Amino acid sequence: MKRLNRRQFMLATAASLCSTTASYARWPFFGSADDLPSDIRGTIFPNDAPASLWKWSTTAHHFTRLNHGAVMCTLCPNRCRLSPGDRSVCRSRVNLDGTLFSLAYGNACSANVDPVEKKPLYHFLPATRVFSIAAAGCNFRCLNCQNWEISQARPEDVRHIDLFPEAVTSAAVKSGCQSIAYTYSEPTTFYEYMIDTARIARSSNLNNIWVSNGYINREPLLALCQVLDGANVNLKSISDDIYRQLNGGQLKPVLDTFVTLHRQGVHFEMTHLVVPGYGDHDDMIHRLCGWILENLGPDHPLHFLRFFPRYQLDRLAPTPVATLIRFRELAMAEGIRYVYLGNVPGHAGNHTFCHHCKRLLVERQGYHVPAFHIVNGCCQFCHTPIPGIWSADGV
């Protein structure tokens, strides 16, 4: 029998874990919105908590104690009610002896250096580097998830490394990054880890970026806003029915998140993945833009992303580029000033143009920025202020 060295053993074990996670998370394929159940919201996992705490455990910041040792998590709108021994919808929180614990603290399953444009953030310190971290878990059940191996897994079932808040900040500084991004899975589910890291990052003059589905309650969001510098929040649809059918959530809490970020003065950009058969109708784009203009104004960048087959929607075709181009034109005609196309390389929708004089301000070739014409936060040509954070001092 061939013996494996330590590295080979670790790789084989990681592959096995990923395979286990895949079978644990996989759902039947749904071909179109007409084939979906009315609500795919996740459920708690009874008696699925570990027997004892491990070193990645910390007491949750937001929960309420109920009768008979039960607790209710108040972090997100799922408001999981957990009896002792139960695990939350997001898989990262458990009730042990009447106290809610997070199992994700310092338990990073991914850590990478990315360009900020990958988040995507186009009006936030262009061409800078971001130290990106994730821990396993998500409070949604999106049928089109691109990171389902970690988002739909328990923290203990994926490969992980010790990376506590001080170590994250130190790694970001050593990597020459200007920001830390909480991303890849759903960072709301590792809230305690995120907010403690963000507080330390602030003291090291690093920015904090939240890349999220926006499914969070107001109180924890307000606390997070105190240490946030930027965010990209995915607006899955303007239809509550689609949220329930495609993502396992509700629309209103996400809209409330946008309003809170706007009122708290956090720079944020919106992404909208255009899934064929679910969100590719012109009337939805008109409704989406109408809500944005009425509640947020015209200056928050909006990114239309091209869908590619993933996870439970792996038999759908990619979004036609012509659909994305039409939606960009519709949104700009409605009055949204900065509308971008994602996953469409080489299109003008990747660049930033002055909304007043229409001159090219920021050219993007992939994640490279070969041309930049914003000076002191204004168009270099007509001096119109361009919303965003363009330099380290916030201008």
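Scroll up to find the structure.
We now examine the nonpolar core. Core analysis: the largest hydrophobic core is formed by 88 residues, its most contacted members being Trp-210, Phe-258, Leu-261 and Phe-304. Setting aside residues up to four positions removed in sequence, Phe-258 forms contacts with Val-233, Leu-235, Phe-268, Met-270, Trp-291 and Leu-296. Among the nonpolar cores identified, the runner-up in size contains eleven residues, and Leu-361, Val-369, Ile-374 and Trp-390 belong to it.

Turning our attention to the sheet that holds strand E16 (residues 339-342). A sheet is described by the order of its strands in space; here eight strands give the open sequence E8-E9-E11-E12-E13-E14-E15-E16, paired in mixed fashion. For this open sheet the edge positions go to strand E8 (110-115) and E16, each flanked by a neighbour on one side alone. Along the sheet, successive strands turn relative to each other by an average axial angle of 20 degrees, direction set aside. Of the pairings in the sheet, the one linking strand E9 (residues 129-134) to strand E11 (residues 179-182) comprises four bridges and is parallel in character. What sits directly across from Phe-131, in E11, is Ile-180. Running at roughly 160 degrees to strand E13 (residues 230-234), helix H7 (residues 251-263) makes contact with strand E12 (207-212), E13 and strand E14 (267-274) of the sheet. Packing against the sheet, helix H9 (residues 321-334) makes contact with E14, strand E15 (302-306) and E16, and its axis sits at approximately 170 degrees to E15.

Attention now goes to empty space enclosed by the protein. One water molecule sets the probe size; rolling that probe over the atoms shows where empty space is left. The full count for this structure, using the stated rule, is two cavities of 30 Å³ or more. Size it by volume and the largest cavity reaches roughly 90 Å³. Along its surface, the largest cavity is lined by 13 residues, and Cys-73, Cys-76, Cys-90, Arg-93 and Asn-139 are the ones closest to its centre. Tallied by class, the residues present in the lining of the largest cavity amount to six nonpolar, five polar and two charged. Of the volumes computed, that of the second largest cavity is approximately 30 Å³. Lining the second largest cavity, in full, are Ser-237, Ile-238, His-272, Gly-279, Met-284, Ile-285 and Leu-288. The element that contributes the greatest number of residues to the lining of the second largest cavity is helix H8 (residues 282-295), accounting for three residues. Along the lines of polarity and charge, the residues of the lining of the second largest cavity split into four nonpolar, three polar and no charged.

With that settled, the discussion passes to unusual backbone geometry. For the bond from Lys-119 to Pro-120, the omega torsion is -10 degrees, close enough to zero to count as cis. The phi dihedral of Asn-205 falls on the positive side, at around 60 degrees, and the residue is not glycine. Within the element layout of this structure, Asn-205 appears in the loop between helix H4 (191-203) and E12. Owing to a relative accessible area of 72%, Asn-205 belongs among the exposed residues under this scheme.

Turning to the pairing of E15, a few remarks are in order. With four of five residues buried, E15 lies mostly within the body of the structure. In terms of strand pairing, E14 meets E15 through five bridges, oriented parallel. Its bridge partner being in E15, Leu-273 is matched across the sheet by Leu-305. Two strands pair when backbone bridges link them, and E15 and E16 are joined in this way by four bridges, in the parallel orientation. Opposite Phe-304, over in E16, you have Leu-341 as the bridge partner. Since E15 and E16 lie parallel, the crossover through H9 that links them has a hand, and here it is right-handed.

Scanning the entire structure with this criterion turns up 17 salt bridges. Linking Arg-93 and Glu-192 is a salt bridge whose minimum nitrogen-to-oxygen distance equals 2.7 Å. Taken together, the positions of Arg-93 in strand E5 (residues 93-96) and Glu-192 in helix H4 put the pair 99 residues apart, joining distant regions of the chain. The same class applies to Arg-93 as to Glu-192, namely buried. Notably, a salt bridge pairs Lys-118 with Asp-114, separated by 3.6 Å at the nearest N-O pair. In this structure Asp-114 comes out as buried when scored by relative accessible area, which is 5%.

Here we come to the packing of aromatic side chains. As enumerated under the stated definition, the model contains twelve aromatic pairs in all. Their ring planes at 55 degrees and their centres at 5.9 Å tell us that Phe-190 and Tyr-193 sit as a pair that is tilted. Taken as a pair, Phe-190 and Tyr-193 share a single burial class, namely buried. Three or more aromatic residues joined by ring pairs make a cluster, and in this case those are Tyr-105, Phe-164, Phe-190 and Tyr-193. Geometry around Phe-381 places Arg-359 over its ring, the cationic atom sitting 3.8 Å from the centre. One Lys or Arg, Arg-364, reaches over the ring of Tyr-122 and ends 4.0 Å from the middle of that ring.

Another point: the environment of Leu-324. On the secondary structure map, Leu-324 appears in helix H9. Owing to a relative accessible area of 0%, Leu-324 belongs among the buried residues under this scheme. C-alpha of Leu-324 to C-alpha of Leu-305: the two residues are 19 residues apart in sequence and 7.7 Å apart in space. Excluding residues within four positions of it along the chain, Leu-324 makes contact with Val-274, Phe-304, Leu-305, Arg-306, Thr-319, Leu-341, Gly-342 and Val-344.

Examined against the element boundaries, Ser-57 turns out to sit in the loop between helix H1 (6-25) and strand E1 (58-59). If near-sequence neighbours (up to four positions away) are discounted, Ser-57 is found in contact with Ser-102 and Leu-103.

Cut-off values and rules
- Residues numbered from 1 in each chain as written.
- Predicted model: local features only at pLDDT ≥ 70, side-chain atom pairs only at ≥ 80, totals over all residues.
- Heavy atoms only, no water.
- Core = buried A, V, L, I, M, F, W, Y, C linked by side-chain atoms within 4.5 Å.
- Buried < 20%, exposed > 50% of the residue type's maximum accessible area, 1.4 Å probe, protein only.
- Contact = heavy atoms within 4.5 Å.
- Pairing = 2+ DSSP bridges.
- Helix = DSSP H or I, 4+ residues; strand = E, 2+ residues; numbered from the N terminus.
- Axes fitted to C-alpha atoms, helices over the stretch in contact; angles between N-to-C directions.
- 1 Å grid on protein atoms, 1.4 Å probe; cavity = no way out; pocket = protein on both sides within 12 Å on 5 of 7 lines; lining within 4 Å.
- Points joined across faces, edges and corners; volume = space filled by probe spheres on them.
- Nonpolar A, V, L, I, M, F, W, Y, C, P; charged D, E, K, R; others polar.
- Right-handed = clockwise from strand over helix to strand, strands pointing away.
- Salt bridge = Lys/Arg side-chain N within 4 Å of Asp/Glu carboxyl O.
- Phe/Tyr/Trp six-rings, centres within 6.5 Å; stacked < 30°, edge-to-face > 60°.
- Lys NZ or Arg CZ within 6 Å of the ring centre and 35° of its normal.

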